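These are the residues of each chain, in order.
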Amino acid sequence: MDKGASNPRHIAIILDGNGRYAKKYGLLRQQGHKAGADNVEEMGDIFIAKGIEYMTVYAFSTENWKRSEDEVTYLMALMKRYLSKNKVDALRKGIRIRVIGDRSGLSEDLRRLIVSMEEDTKEMKKLNLTFAINYGGRDEILRASKKLAERAKEGLDLKTVDEAYFSSLLDTSDIPDPDLLIRTSGEERISNFLLWQIAYAEMYFTDKYWPEFTEEDLDLAIDSYRHRERRFGARKED
Ligand code: FPP
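Residues numbered from 1 in each chain as written. Predicted model: local features only at pLDDT ≥ 70, side-chain atom pairs only at ≥ 80, totals over all residues. Heavy atoms only, no water.

Describing the sheet that holds strand β1 (residues 10-14)
- Strand order across the open sheet formed by 6 strands is β3-β4-β2-β1-β5-β6, with parallel pairing between neighbours. Looking at strand neighbours, the two that pair on one side only are β3 (95-100) and β6 (202-205), the edges of this open sheet. Adjacent strand axes in the sheet meet at a mean angle of 20°, parallel and antiparallel pairs treated alike.
- Two strands pair when backbone bridges link them, and β1 and strand β2 (residues 54-61) are joined in this way by 4 bridges, in the parallel orientation. The residue of β2 that forms the bridge with Ile13 is Val57. (Pairing = 2+ DSSP bridges. Helix = DSSP H or I, 4+ residues; strand = E, 2+ residues; numbered from the N terminus. Axes fitted to C-alpha atoms, helices over the stretch in contact; angles between N-to-C directions.)

What follows is the structure, given as structure tokens:
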């Protein structure tokens, strides 16, 4: 039985607190997001150094469209810039980049950048870095359910559908479930992130704002994970 003594293989992160970080240091909100994006890059290097294979970050939720037009425009530009500028770096470092979420709501040029980044980095194996963009857990489950309904119409026998089959219809079909979910900046909510996939994930909350989250903070989260006993619903062995 896994007693949680090994390192997590997949860590998902809800990057919260960019705005509060900016306020704390008298910066613009946009500068907070820029610092947050820079920290995603730094954390990627740290994950590689620690041999953690999967990192999934919540970059833009289906609810984030409700923010001001200026902020949405800035966040979209930040993601475009990241995807157009970081290919050489990703290939050099061995990072495979994927995007989960409803792409139909994204601009044509962002969609094109995503496809090209995913295609060009698909052989990379050191780190699987996944960005959730226009992502909502309920939306993902609903889209998967619609695919299932389509397949049933085409003759799929629903009696054969199990959890593994349903998982294969999700955006994360080729990514293992997270072992650990980290949320920064003091909020203790899931906010519609990876609802299906975190069924057995350990949760770790910290007061640190995302741009200030460091390697030491990651070590604290991993230590806490390693000291928990993961039973996946089984009884504790005597
Ligand atoms: C939460 O902070 C953060 C977001 C909604 C966006 C996070 C996105 C990025 C850092 C950019 C994507 C990353 C890359 C590498 C392209 P908040 O604004 O909710 O902070 P607050 O709650 O303190 O206001």
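Some remarks on the packing of helix α3 (residues 69-85) against helix α5 (residues 108-120)
- Between α3 and α5, whose axes approach to 9 Å, the crossing angle comes to 30°. Judged on the interaxial angle alone, α5 and α3 are roughly parallel. Of the two elements, α3 crosses α5, and the hand of that crossing is left-handed. Contacts between α3 and α5 involve Met76, Met79, Lys80, Tyr82, Leu83 and Ser84 on the former and, on the latter, Asp109, Leu110, Leu113, Ile114 and Met117.
- Class assignment for the residues of the contact of α3 with α5 results in 8 nonpolar, 1 polar and 2 charged. (Parallel < 35°, antiparallel > 145°, perpendicular 65-115°, else oblique. Left-handed = near helix turned anticlockwise from the far one by under 90°. Contact = heavy atoms within 4.5 Å. Nonpolar A, V, L, I, M, F, W, Y, C, P; charged D, E, K, R; others polar.)

Thoughts on the environment of Met43
- Residue placement: Met43 occurs in helix α2 (residues 29-50).
- Here the alpha-carbon distance between Met43 and Phe213, two residues 170 residues apart in the chain, equals 8.8 Å.
- What Met43 contacts, discounting residues up to four positions off in sequence, is Met55, Trp210, Phe213, Thr214, Glu215 and Leu218.

Concerning the site of the ligand
- Near the ligand you find 19 residues, and of these Leu15, Gly19, Arg20, Arg29 and Arg67 are the closest.
- The separation between an oxygen atom of the ligand and a polar main-chain atom of Gly19 is 3.0 Å.
- Between an oxygen atom of the ligand and a side-chain N or O atom of Arg29, the distance comes to 2.9 Å.
- Within the complex, the protein chains bury 92% of what would otherwise be the 620 Å² of accessible surface of the ligand.
- Within the residue set of the shell around the ligand, elements represented by two or more residues are α1 (18-24), α2 and α3.
- Of the residues forming the shell around the ligand, the biggest block, 5 residues, is contributed by α2.
- Counted by class, the shell around the ligand contains 9 nonpolar, 6 polar and 4 charged residues. (Near = heavy atom within 4 Å. Polar contact = N/O pair within 3.5 Å; in protein donor to acceptor, adjacent residues only side chain to side chain. Areas by Shrake-Rupley, 256 points an atom, 1.4 Å probe, with all protein chains shown as cover.)

A word on α2
- With 22 residues, α2 ought to run about 32 Å at 1.5 Å a step, and its terminal C-alpha atoms sit 31 Å apart, in line with that.
- Residues of α2 that are buried: Gly32, His33, Ala35, Gly36, Asn39, Val40, Met43, Gly44, Ile46 and Phe47.
- Immediately beyond the C-terminal end of α2, within one or two residues, lies Gly51, with a positive phi of roughly 75°. (Expected span 1.5 Å × (residues − 1). Buried < 20%, exposed > 50% of the residue type's maximum accessible area, 1.4 Å probe, protein only.)

Comments concerning the pairing of strand β4 (residues 127-135)
- Burial analysis of β4 places 9 of its 9 residues in the buried class, which makes it a mostly covered element.
- In this sheet, β4 lies alongside β2 in parallel orientation, the contact comprising 7 bridges. Its bridge partner lying in β4, Val57 is registered against Phe131.
- As paired elements, β3 and β4 share 6 bridges and run parallel to each other. For Arg96, the partnering residue across the bridge sits in β4 and is Asn128.

The values reported here are purely geometric and, on their own, carry no functional implication.
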